[in-house]
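# Observations on the three-dimensional arrangement
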Amino acid sequence: MTGSLQGRHALVTGAGRGLGRACALALAREGAEVTVVARTASDLASAVEEAQGGLHGAVADVTDPAAVQRVIAEADARAPLDILVASAGTNRPGPTVDAALEDFDAVMDLNVRATFVAAQAFGRLLLDAARPGRLVLMSSQMGSVGYPGRAVYCASKHAVNGLTKALAVEWAAAGITVNAVAPTFVRTPLTEPMFAEPGFREDVLRRIPAGRIGEPEDVAAAVLYLVSDGAAMVTGHILAVDGGWVAW
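So, here is what we can say about the structure in this document. Being a predicted model, the structure only gives us computed values, none of them experimental.

The rules behind these values
- Residues numbered from 1 in each chain as written.
- Predicted model: local features only at pLDDT ≥ 70, side-chain atom pairs only at ≥ 80, totals over all residues.
- Heavy atoms only, no water.
- Helix = DSSP H or I, 4+ residues; strand = E, 2+ residues; numbered from the N terminus.
- Buried < 20%, exposed > 50% of the residue type's maximum accessible area, 1.4 Å probe, protein only.
- Contact = heavy atoms within 4.5 Å.
- Axes fitted to C-alpha atoms, helices over the stretch in contact; angles between N-to-C directions.
- Left-handed = near helix turned anticlockwise from the far one by under 90°.
- Nonpolar A, V, L, I, M, F, W, Y, C, P; charged D, E, K, R; others polar.
- Right-handed = clockwise from strand over helix to strand, strands pointing away.
- Pairing = 2+ DSSP bridges.
- Expected span 1.5 Å × (residues − 1).
- Salt bridge = Lys/Arg side-chain N within 4 Å of Asp/Glu carboxyl O.

Another point: the environment of Val152. In this structure, Val152 sits in helix α5 (residues 151–171). With relative accessibility at 17%, the residue Val152 sits in the buried group. Between the C-alpha atoms of Val152 and Gly214, which are 62 residues apart in sequence, the distance is 22 Å. Excluding residues within four positions of it along the chain, Val152 makes contact with Phe104, Val107 and Met108.

Written out as structure tokens, the structure is:
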């Protein structure tokens, strides 16, 4: 696929670290201009340096609708946007009976509300300009199944799946495809502390028929497919990148 995204402009939220960063780097390697958005300037600077061209950093808190509108408008003014990868997300696992409402709000604000705000702003931009585009939301295998200690996260990713399907139906006639990738546990800064918990890694591997933890590059490859010309007829799809977890 080398160079397959030449002339395209993508915006990736949550791009400072983890899955968002891997997706941004993969898009840039395929020739796209990429605007990377994150809250931490040093993370963005590191990503831009690693890419050695093709990335433009934009510091913003994606839970702030005004900030999202600003970075999308500024990116589009620099070069017309036609790809959005909404990758910003978080998790605060623990027993549901002990979950604080502040944790519930934090997870829902970033995983659902911020995703909706970014998708809405991007969709409005494309519809107003009467141009097609590709929208990819970051879901999870937890959008299809349950797991102990992750009730809030599961609820948020089930919501992302529903949003994906609704937007796909609503915007298909305008040439805007809307899909989601749904990874299993992937080795990122967010998950590393989880793997340190006794027995957790073993339980995860027991549930993945492929027998290994996911890597950020696995997810990035799925995103590349969904934004490619080859996926023009794919919309409303939740693409599992889970080594077979949800196939059980």
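Their axes nearest at 10 Å, the elements helix α3 (residues 65–78) and helix α4 (residues 101–129) cross at an angle of 35°. Note on packing geometry: the crossing formed by α3 with α4 is right-handed. Where α3 abuts α4, its residues Pro65, Val68, Gln69, Ile72 and Asp76 lie against Arg113, Val117, Ala118, Ala121, Phe122, Arg124 and Leu125. Considering only residue class, the contact of α3 with α4 consists of eight nonpolar, one polar and three charged.

Okay, the pairing of strand β2 (residues 33–38) next. When you tally the buried positions in β2, you get five out of six residues, the bulk of the element. On the question of chirality, the crossover connecting strand β1 (residues 9–13) to the parallel β2 by way of helix α1 (residues 18–29) is right-handed. Here five bridges tie β2 to strand β3 (residues 55–59), and the two strands are oriented parallel to one another. Within β3, the residue paired with Val34 across the bridge is Leu55. With helix α2 (residues 41–51) bridging β2 and its parallel neighbour β3, the resulting β-α-β unit is right-handed.

Now for the sheet that holds β1. Read across the sheet, seven strands follow the order β3-β2-β1-β4-β5-β6-β7 without closing on themselves; strand pairing throughout is parallel. Of all the strands in the sheet, just β3 and β7 (238–241) have a single pairing partner and so form its edges. Geometrically, the sheet is characterised by an average inter-axis angle of 20° between neighbouring strands, direction not taken into account. Pairing of β1 with β2 involves five bridges; the strand directions are parallel. Paired with Thr13 across the strands is Val37, a residue of β2. Of the strands in this sheet, β2 and β3 touch α2, which is tilted by about 175° from β3.

On to helix α8 (residues 216–227). For α8, which comprises twelve residues, the first-to-last C-alpha distance of 17 Å matches the rise-based estimate of 16 Å (1.5 Å per residue) to within 8%. Those residues of α8 lying buried are Pro216, Val219, Ala220, Ala222, Val223, Leu224, Leu226 and Val227.

Summed over all chains, the structure comprises eleven salt bridges. Residue Arg21 pairs with Glu50 through a salt bridge whose shortest N-O separation is 2.7 Å. Of the two residues, Arg21 sits in helix α1 while Glu50 sits in helix α2, which places them 29 residues apart along the sequence. Between Arg70 and Glu74 there is a salt bridge, and its shortest N-O distance comes to 3.6 Å. One end of the pair is Arg70 and the other is Glu74, both in helix α3 and four residues apart, which spans about a single turn. Overall, Arg70 belongs to the partly exposed group, its relative accessible area being 36%. Shared partners join several salt bridges into a network, and the residues in it are Asp203, Arg206 and Arg207.

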